[in-house]
Amino acid sequence: MNANEIYNELLNAYGKPRWWSDDAFTVMFQAVLVQNTAWSSVEKTCEPFKDKLSPKFIASLSDEELQKLIAPCGFYKSKARTIKLLVKWFEKYNYSVQETQKVPLQTLRNELLSLKGIGAETADVILVYALYQPSFIIDAYTRRFLSRLGFDFEDDEKIRIFFENNLPKDARIYGYFHWLILDHCISVCRKTPLCGECKMNRECKSLIHFGSK
Ligand code: SF4
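As the structure is a prediction and not an experimental result, all values here were calculated from the model.

1. What to know about the side chain of Thr 100
Moving on, step 1. The topology assignment puts Thr 100 in helix 7 (residues 97–100).
Moving on, step 2. Thr 100 gets classed as buried once you look at its relative accessible area, which sits at 0%.
Moving on, step 3. Only 2.6 Å separates the side chain of Thr 100 from the backbone oxygen of Val 97, close enough to count as a polar contact.
Moving on, step 4. Residues in contact with Thr 100, not counting those within four places in the same chain, are Trp 89, Phe 90, Tyr 93, Leu 108, Leu 131 and Gln 133.

This is the structure in structure tokens:
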């Protein structure tokens, strides 16, 4: 199977997924908060101030105020520092997604990666869901899912090539694809997978291993 075929299989199985958020800064903020934390904690934490969440609002808070606000998500000191760095970085572009789109993707990615607390996965989440740039998001679910399907990639760079060479350079598709992989890995291809319920089980190399055939 190539990346395009996997995408279509998942799309047929789960339908068109949701988008993270239409507000770019909400994506950036939550992409940092969700590191090593359950998504439900992020939603609960953001609920009281979701209507006023903006880079200016965050910039107006002291470090201590921001830490207190995000404390339920854990690692609040380092996350608060990263969020402040992100706000400063976004300010360079007048907090405008359109402004960032005048800059090459690789430059944006390198700038994000240079911020303390932003790794490849968080940078790619921000590029795709906030800035609409096609930079495929690779996380632990993606690696596990591909390995179960029977792929043996040397490293994340090879996984990136596998996806990016077989898909249109379209951030929407990358974003939907990432969400579909999440859906699939949370609902069916779990740590102990439910292969009998999986729509991809005819193509999957792990089915015999997990004893459902
Ligand atoms: S058949 Fe099982 S291991 Fe393979 S993708 Fe489906 S749930 Fe995952």
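After presenting the structure, the write-up continues.
2. A closer look at the site of the ligand
Moving on, step 1. Around the ligand lies a shell of 12 residues, among which His 184, Cys 189, Cys 195, Cys 198 and Cys 204 are the nearest.
Moving on, step 2. For the shell around the ligand, the per-class residue count stands at 8 nonpolar, 3 polar and 1 charged.

3. Description of the nonpolar core
Moving on, step 1. Residues Phe 29, Ile 58, Trp 89 and Phe 163 are the most contacted members of the largest nonpolar core, which totals 68 residues.
Moving on, step 2. Mapped onto the domain boundaries, this core takes at least three residues apiece from domain 1 (3–17 + 137–197) and domain 2 (24–130).
Moving on, step 3. Once you skip the residues sitting within four places of it in the chain, Phe 163 turns out to touch Ala 3, Phe 136, Thr 142, Leu 146, Phe 177 and Ile 181.

4. Details of helix 10 (residues 140–149)
Moving on, step 1. Among all positions in helix 10, only Thr 142, Phe 145, Leu 146, Arg 148 and Leu 149 are buried. Take helix 10 and look down its axis: the buried residues cluster within an arc of 160°, on one side only.
Moving on, step 2. Tucked inside the fold, the buried residues of helix 10 contact helix 1 (3–14), helix 11 (156–164) and helix 12 (171–187).
Moving on, step 3. Phi turns positive one or two residues past the end of helix 10, at Gly 150, with a value near 115°.

5. Brief notes about the packing of aromatic side chains
Moving on, step 1. Inspection of every chain in the model, using the stated rule, returns 22 aromatic pairs.
Moving on, step 2. Ring geometry for Trp 20 versus Trp 179: centroids 6.0 Å apart, planes at 80°, classification edge-to-face. Taken as a pair, Trp 20 in the loop between helix 1 and helix 2 (24–33) and Trp 179 in helix 12 lie far apart in primary sequence, 159 residues in all.
Moving on, step 3. With a relative accessible area of 12%, Trp 179 lands in the buried category.

6. What to know about the pattern of salt bridges
Moving on, step 1. Evaluated as defined, the whole model comprises 9 salt bridges.
Moving on, step 2. With its nearest N and O atoms 3.3 Å apart, the salt bridge here joins Glu 111 to Lys 92. Separated by 19 residues along the polypeptide, Glu 111 in helix 8 (residues 105–113) and Lys 92 in the loop between helix 6 (76–91) and helix 7 bring together distant segments of the chain.
Moving on, step 3. For Glu 111, a relative accessible area of 19% translates into the label buried.
Moving on, step 4. Among the salt bridges present, the one from Glu 154 reaches Lys 158, with a minimum N-O distance of 3.8 Å.
Moving on, step 5. Lys 158 sits in the partly exposed class, given a relative accessible area of 37%.
Moving on, step 6. Each member of the salt-bridge network shares a partner with another, and the members are Arg 109, Asp 124, Glu 157, Arg 160 and Glu 164.

7. Some details on the domain arrangement of the protein chain
Moving on, step 1. Segmenting the protein chain into domains produces domain 1 (3–17 + 137–197) and domain 2 (24–130).
Moving on, step 2. Using only C-alpha atoms to locate each centre, domain 1 and domain 2 end up separated by 25 Å.
Moving on, step 3. Taken together, the contacts link 9 residues of domain 1 with 6 residues of domain 2.
Moving on, step 4. Taken over both partners, the interface formed by domain 1 and domain 2 buries close to 660 Å², and the fraction arising from carbon and sulfur atoms is 63%.
Moving on, step 5. Of all residues in domain 1, Ile 137, Arg 160 and Trp 179 give up the largest surface area on contact with domain 2, accounting jointly for 58% of the area buried on that side.
Moving on, step 6. Counting across the domain 1 and domain 2 interface gives 1 salt bridge.

Criteria and cut-off values
- Residues numbered from 1 in each chain as written.
- Predicted model: local features only at pLDDT ≥ 70, side-chain atom pairs only at ≥ 80, totals over all residues.
- Heavy atoms only, no water.
- Helix = DSSP H or I, 4+ residues; strand = E, 2+ residues; numbered from the N terminus.
- Buried < 20%, exposed > 50% of the residue type's maximum accessible area, 1.4 Å probe, protein only.
- Polar contact = N/O pair within 3.5 Å; in protein donor to acceptor, adjacent residues only side chain to side chain.
- Contact = heavy atoms within 4.5 Å.
- Near = heavy atom within 4 Å.
- Nonpolar A, V, L, I, M, F, W, Y, C, P; charged D, E, K, R; others polar.
- Core = buried A, V, L, I, M, F, W, Y, C linked by side-chain atoms within 4.5 Å.
- Domains from an automatic or database assignment.
- Arc of directions from axis to C-beta.
- Phe/Tyr/Trp six-rings, centres within 6.5 Å; stacked < 30°, edge-to-face > 60°.
- Salt bridge = Lys/Arg side-chain N within 4 Å of Asp/Glu carboxyl O.
- Buried area = accessible area lost by both parts, 1.4 Å probe.

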